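# Structural overview
One-letter residues, chain by chain:
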Amino acid sequence: MATKNQMMRWTALLSAALATVLTGGAVPASGAEPKPPAPATSHPATAPQSGTVPAPDAAPLPGTTALSPAEPGATAGHGTPGGPTDPRGMIDPAAPDAPADPGAPGAAGVPAGQPSLVRGDPRHFGAQIFKGKAFDTCQAPSAATMRAWHRASPFGAAGVYIGGRGRACPKQKHLSPGWVRSVAWQGWKLLPVYVGSQSPCVIAKNKRKFRMSGKHPYGQGKREGLDAVRRAQQLGMAKRSAVYLDMEAYRYKRKGCADTTLRFIQGWNSAVRARGYVAGYYSSANYGIAHLERARAAGARGLPTAVWFARWHTRPSVNGERNLHPRAWQPHRRIHQHTGNVKRTYGGHTVHIDQNLVDAPVAVFG
C-alpha cells in the first residue's frame, strides 16, 4: 500500500509529465519561471548614444564592436527586428525603405515629407563597427601579403571587390572563402565592395558599357543587390555584414539620369537589407555623394545605411565632407577615401592601393 509521501511524489511526477505534453516537451528548470518574450522595439534615429559599448552576445573579432541584443535599445537578437532569424531582414529605422511604386512619396524625385538624417548607431541593429585606417585594392592580395601588412602597416581593414558586372578585376587570384577565413584570423576587418551597373550618365568611358537600363532600374537594382548578397555569403560573410555598392562618378544634375540612378540604388538597398545585410554606398564626394545628399534633403527613402566618399588630396576626416550634412549619416556610418592610386610597401610586399579612414560597418564572419 502506497504511503502518503509516495502518493505525493507520484502526483508531482504526473503533473510534470502533463506539463511536458502541454508545452511540447520543454520543461522549465527547477526553480525557474518561464519568461514571456520581450516585445519588439524600434529605435528612433535620434536615440542618445551611451558612450560605452555593452558586451556583445557573440564576441566580435578584435577591432569591431557590436551591441548585445540583451541590452536595452538593441534589436539584433534571434527573432527580433533585424536579427538573424527575422524574415524582414536588416531593419535600419533611420533609413526607411523606398516604395516599389515609382510615383509614391519617397521614390526617386518624389518628396516624402520630413527627410531623415540617417542617424543612429548601426550596432543597435546588429552591425559591427571598425574605426581606423583601411586600404582598398582592385586585386585582393595574397594571404602572405596580408599577413606581412598586418604586422607592418598602419591598416586594420581592407576593401575587397566581391563581384558585380562593372568590377575592374573580375578574375580574383586569391579571393575565396579560405582567403577570407585566413585574413580574418590574422586580424583583418573587411569592407566588401560590389561594382554593379553604373549610372546612365557615368563619366568614366570604361564604365559606360556597364550602364543600367532606364526602363526598370528599381528591379535591376534589386536583382543585383541579391547577387551582391549571394557573393558575400559564398565568401563566408554572414548576416549583419556590410556590403558597399560602388557607383562611379556621374552627372547627377541631369534630372532624368539622377532619378534613374537613385531608383537603382533604392532597389539595391532594399534587396540587400531584405536578406539581413547592411547596405552601404561608395561614390565620388562631388558626384554620387552630392546627389545622395540632395535626395536625402528632398525626403527620398531607401537610402544606404553607410556612405563611403572619395575626396582625394585632403586631410583624412569622416566628419568634414562639405557635400554631406554634418549630422547626416552619423555616428559610425562614414568612410573617407582620401588618397588614391598609390604604391605602398610593408614587410617587403608592395601593393597598389587607395587609402581610407573608416568609422563604419564591416563584414561579419560566421
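Our subject in this report is the structure included herewith. Here the structure is a predicted model, which is why all the values come from computation and not from measurement. The residue numbers shown here count from 1 along each chain, following its written sequence. Per-residue local features are limited, in this predicted model, to residues with pLDDT of at least 70; the limit for side-chain atom pairs, both in listing and counting, is 80 or more; totals at the level of whole chains, interfaces and linings are taken over all residues. The side-chain values count all of the structure's non-hydrogen atoms but skip hydrogen atoms and water molecules.

### Details of unusual backbone geometry
A cis amide bond links Gln330 with the next residue in sequence, Pro331, at an omega value of -15 degrees. Secondary structure is summarised from DSSP: a helix means a run of H or I of at least four residues, a strand means a run of E of at least two, and numbering begins at the N terminus for each. Note that Pro331 resides in the loop between strand E7 (306-310) and strand E8 (334-346). Of note in the backbone geometry, His313 takes a positive phi value of approximately 60 degrees without being a glycine. We note that His332 has phi near 60 degrees; this positive angle belongs to a residue other than glycine. With respect to the helices and strands, the residue His332 is situated in the loop between E7 and E8. Relative accessible area serves as the criterion here: at 13%, His332 is assigned to the buried category. Buried residues are those whose accessible area, probed at 1.4 Å on protein chains only, stays under 20% of the maximum for their type, while exposed residues exceed 50% and partly exposed ones sit between those limits.

### A few points about the packing of helix H4 (residues 217-234) against helix H5 (residues 255-274)
How two helices sit against one another is set out by the angle between their axes and by the gap between those axes. Contact geometry for H4 and H5: axes closest at 6 Å, N-to-C directions at 40 degrees. The angle between H4 and H5 places the two elements in the oblique class. When you trace H4 past H5, the crossing you get is right-handed. Residues Pro217, Tyr218, Gln220, Gly221, Lys222, Glu224, Gly225, Leu226, Ala228 and Val229 of H4 form the contact with H5, whose own contacting residues are Thr260, Arg263, Phe264, Gln266, Gly267, Trp268, Ser270, Ala271 and Val272. Structural elements are reduced to axes, namely lines fitted to C-alpha atoms, with helices fitted over the stretch in contact, and the angle between N-to-C directions of any two is expressed from 0 to 180 degrees. Any angle that is under 35 degrees is reported as roughly parallel, and any over 145 degrees as roughly antiparallel; angles of 65 to 115 degrees are reported as roughly perpendicular and all others as oblique. By convention the crossing between two helices is left-handed if the near helix lies anticlockwise of the far one by an angle smaller than a right angle, and right-handed if it lies clockwise. Any two residues whose heavy atoms approach within 4.5 Å are treated as being in contact.

### Notes on the state of the cysteines
The disulfide criterion is simple: two cysteine sulfur atoms within 2.5 Å. Under the defined criterion, the tally for this structure stands at two disulfides. A disulfide bridge connects Cys138 with Cys169, and the sulfur atoms are separated by 1.9 Å. Taking the torsion about the S-S bond as the criterion, the Cys138 to Cys169 disulfide, at about 120 degrees, is right-handed. Here the residue Cys138 occupies a position in the loop between strand E2 (129-136) and helix H2 (143-152), and Cys169 occupies one in the loop between strand E3 (157-163) and helix H3 (177-186), the gap between them amounting to 31 residues. Judged by relative accessible area, Cys169 falls into the buried class, the value being 16%. Take the cysteines of the chain that form disulfides and number them in order along the sequence; they join up as 1-2, 3-4.

### Comments concerning helix H6 (residues 288-297)
Extensive coverage of H6 is indicated by the burial of eight of its 10 residues. As for H6, its buried residues are in contact with H5, strand E6 (278-284) and E7. Trailing H6 by a residue or two, Gly299 shows a phi angle of about 95 degrees, which is positive.

### Focus: H4
Under the 1.5 Å per step criterion, the end-to-end length of H4 is 26 Å for 18 residues, consistent within 8% with the ideal 26 Å. Of all the positions in H4, only Pro217, Tyr218, Gln220, Gly221, Glu224, Gly225, Asp227, Ala228, Val229 and Ala232 are classed as buried. On its buried face, H4 is in contact with E3, strand E4 (189-194), strand E5 (242-246) and H5. Following H4 by one or two positions, Gly236 has its phi on the positive side, about 90 degrees. In this scheme, a helix's expected span is set at 1.5 Å multiplied by one less than its residue total.

### As for the packing of aromatic side chains
Any two of the Phe, Tyr and Trp rings considered here, Trp counted by its six-membered ring, make a pair once their centres fall within 6.5 Å; the pair's planes then place it as stacked at under 30 degrees, edge-to-face at over 60, or tilted in between. Following the criterion strictly, the structure yields nine aromatic pairs and no others. For the pair Phe155 and Tyr346, a centre-to-centre distance of 6.2 Å together with 90 degrees between the ring planes defines the contact as edge-to-face. On the criterion of sequence distance, the pair formed by Phe155 in the loop between H2 and E3 and Tyr346 in strand E8 is long-range, its members being 191 residues apart. Joined through ring pairs, the aromatic side chains of Phe135, Trp149, Phe155, Trp188 and Tyr346 make up one cluster.

### Re the pairing of E3
A regular strand carries its side chains on alternate faces of the sheet. Counted residue by residue, E3 has seven buried out of seven residues, so it is predominantly covered. Strands were regarded as paired on the criterion that DSSP finds at least two bridges between them. Summarising the sheet, E2 and E3 pair through three bridges and their orientation is parallel. Within E3, the position partnered with Asp136 by the bridge is Gly159. With its strands directed away from the observer, a crossover is right-handed exactly when the path from the first strand over the helix to the second travels clockwise. In this region the chain leaves E2, passes through H2 and returns to the parallel neighbour E3; the handedness of that crossover is right-handed. Inspection of the sheet shows E3 paired to E4 by six bridges, in the parallel sense. Within E4, the position partnered with Gly163 by the bridge is Tyr194. In the classification by handedness, the crossover that spans E3, the intervening H3 and the parallel E4 is right-handed.

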